[in-house]
Amino acid sequence: MKQLEQKILEAGIVLNENVLKVDSFLNHQVDPQLMLSIGQAFASLFEAEGIMKVLTLESSGIAPAVMAALQMNVPLLFARKRKSLTLGDDLYMEKVYSFTKQEECEITVSRKFLSAEDRVLIIDDFLANGDAAIGLARIVEQAGAQVAGIGIVIEKAFQPGRKKLNEHGYLVHALARIASLENGKVTFAAEI
Ligand code: 5GP
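This section reports on the structure supplied with the text. All values derive from a computational prediction rather than experimental measurement.

Re the overall build of the protein
Then, in step 1: Scanning the protein from N- to C-terminus turns up five helices and ten strands.
Then, in step 2: Over its C-alpha atoms the protein spans a radius of gyration of 16 Å, differing by no more than 12% from the 16 Å that the globule rule assigns to 192 residues.
Then, in step 3: Oriented by its inertia axes, the alpha-carbon framework of the protein measures out at about 45 × 35 × 35 Å.
Then, in step 4: Burial analysis of the protein (192 residues in total) assigns 51% to the buried set.
Then, in step 5: Here the protein has roughly 9,500 Å² of accessible surface; of this, 49% comes from carbon and sulfur atoms.
Then, in step 6: Charge separation in the protein, taken as the distance between the mean sites of 20 positive and 24 negative side-chain charges, equals 2 Å.

Structure, rendered in structure tokens:
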């Protein structure tokens, strides 16, 4: 997605060889027009998959995921990163190792909002080692529902996430694919 690549080049900050900071348009301040285009791109990529619900992880996945859900006219559900008192005990839970926080956290979704009939599109802001996406997929599978696809805004193609998701047989689309963050510079990989 050219518009997203352009934004990454203009506003992305290479923190080190492994981490890109995009807090001016995605992870803190949010660019709504860009999010709308991202939602449209996901809706078109997964058009044939009969998506019934979009699932993401709070908080950075919510902006792109809500736009995709809007375009597909389906609900958005986000997994929470901590047990909330208001969620009660009726939860699906997975342990996920956080790439950015370097610690394990529990992600939870209320059983009320996922059912065995659901065909779910998982959306996340970044794909690195694949732990967040796999944790979300396991929650969908705990509910007996189907992972209809995984949509990633920014894939770091030099990290092993894509390979792991492919090994699980999931359909994966990424809107921007980064081949390298070496020498403080973003280099893109071809779209696949
Ligand atoms: P994974 O679980 O695939 O290892 O990492 C994906 C998660 O870690 C995403 O939900 C995202 O929040 C965070 N993440 C991974 N790499 C980056 C990065 O380079 N920059 C930012 N801002 N977040 C990242």
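Regarding the sheet that holds strand S9 (residues 172-180)
Then, in step 1: Strand order in the open sheet formed by six strands is S4-S3-S7-S8-S9-S10, and the pairing between neighbours is mixed. The sheet terminates laterally at strand S4 (76-79) and strand S10 (187-188), the two strands that pair on one side only.
Then, in step 2: Pairing between strand S3 (residues 53-57) and S4: four bridges, direction parallel. What sits directly across from leucine 57, in S4, is alanine 79.
Then, in step 3: Helix H3 (residues 62-72) contacts S3, S4, strand S7 (119-127) and strand S8 (146-156) of the sheet and is inclined by roughly 180 degrees relative to S3.
Then, in step 4: Here helix H4 (residues 131-142) sits on the sheet and contacts S3, S4, S7 and S8; the angle it forms with S7, its principal contact strand, is near 165 degrees.

Describing H4
Then, in step 1: Counted at 1.5 Å a residue, the expected span for H4 with its twelve residues is 16 Å, and the 16 Å between its end C-alpha atoms agrees.
Then, in step 2: Looking only at H4, the buried set comprises Ala132, Ala133, Ile134, Gly135, Leu136, Ala137, Ile139 and Val140.

Here's the deal with the layout of surface pockets
Then, in step 1: Reported here for the largest pocket is a volume of approximately 710 Å³.
Then, in step 2: Taken together, 33 residues form the lining of the largest pocket, with Lys81, Ser98, Phe99, Thr100 and Asp125 sitting closest to its centre.
Then, in step 3: By residue number, the principal contributor to the lining of the largest pocket is S7, which donates four residues.
Then, in step 4: Classifying every residue of the lining of the largest pocket by side-chain character gives 16 nonpolar, eight polar and nine charged.

Observations regarding helix H2 (residues 32-45)
Then, in step 1: Between its first and last C-alpha, H2 extends 20 Å over 14 residues, near the 20 Å set by a 1.5 Å rise per residue.
Then, in step 2: Within H2, the full set of buried residues consists of Leu34, Met35, Ser37, Ile38, Gly39, Ala41, Phe42 and Ala43.
Then, in step 3: The elements touched by buried residues of H2 are helix H1 (2-11), H3, S7, S8 and S9.
Then, in step 4: A distance of 3.1 Å separates the backbone nitrogen of glutamine 33 from a side-chain oxygen at the start of H2, and that oxygen is part of aspartate 31.

A closer look at the packing of aromatic side chains
Then, in step 1: Taken as a whole, this structure holds one aromatic pair when the rule is applied.
Then, in step 2: Here phenylalanine 42 and phenylalanine 46 contribute two aromatic rings whose centre-to-centre distance is 6.5 Å and whose plane-to-plane angle is 35 degrees, an arrangement assigned as tilted.

Rules behind the numbers
Residues numbered from 1 in each chain as written. Predicted model: local features only at pLDDT ≥ 70, side-chain atom pairs only at ≥ 80, totals over all residues. Heavy atoms only, no water. Helix = DSSP H or I, 4+ residues; strand = E, 2+ residues; numbered from the N terminus. Rg over C-alpha atoms; globule rule 2.2 N^0.38 Å. Buried < 20%, exposed > 50% of the residue type's maximum accessible area, 1.4 Å probe, protein only. Areas by Shrake-Rupley, 256 points an atom, 1.4 Å probe, with all protein chains shown as cover. Lys, Arg positive; Asp, Glu negative; His and termini not counted. Charge placed at Lys NZ, Arg CZ, Asp CG, Glu CD. Pairing = 2+ DSSP bridges. Contact = heavy atoms within 4.5 Å. Axes fitted to C-alpha atoms, helices over the stretch in contact; angles between N-to-C directions. Expected span 1.5 Å × (residues − 1). 1 Å grid on protein atoms, 1.4 Å probe; cavity = no way out; pocket = protein on both sides within 12 Å on 5 of 7 lines; lining within 4 Å. Points joined across faces, edges and corners; volume = space filled by probe spheres on them. Nonpolar A, V, L, I, M, F, W, Y, C, P; charged D, E, K, R; others polar. Polar contact = N/O pair within 3.5 Å; in protein donor to acceptor, adjacent residues only side chain to side chain. Phe/Tyr/Trp six-rings, centres within 6.5 Å; stacked < 30°, edge-to-face > 60°.

No statement about biological role is implied by the geometric values presented.
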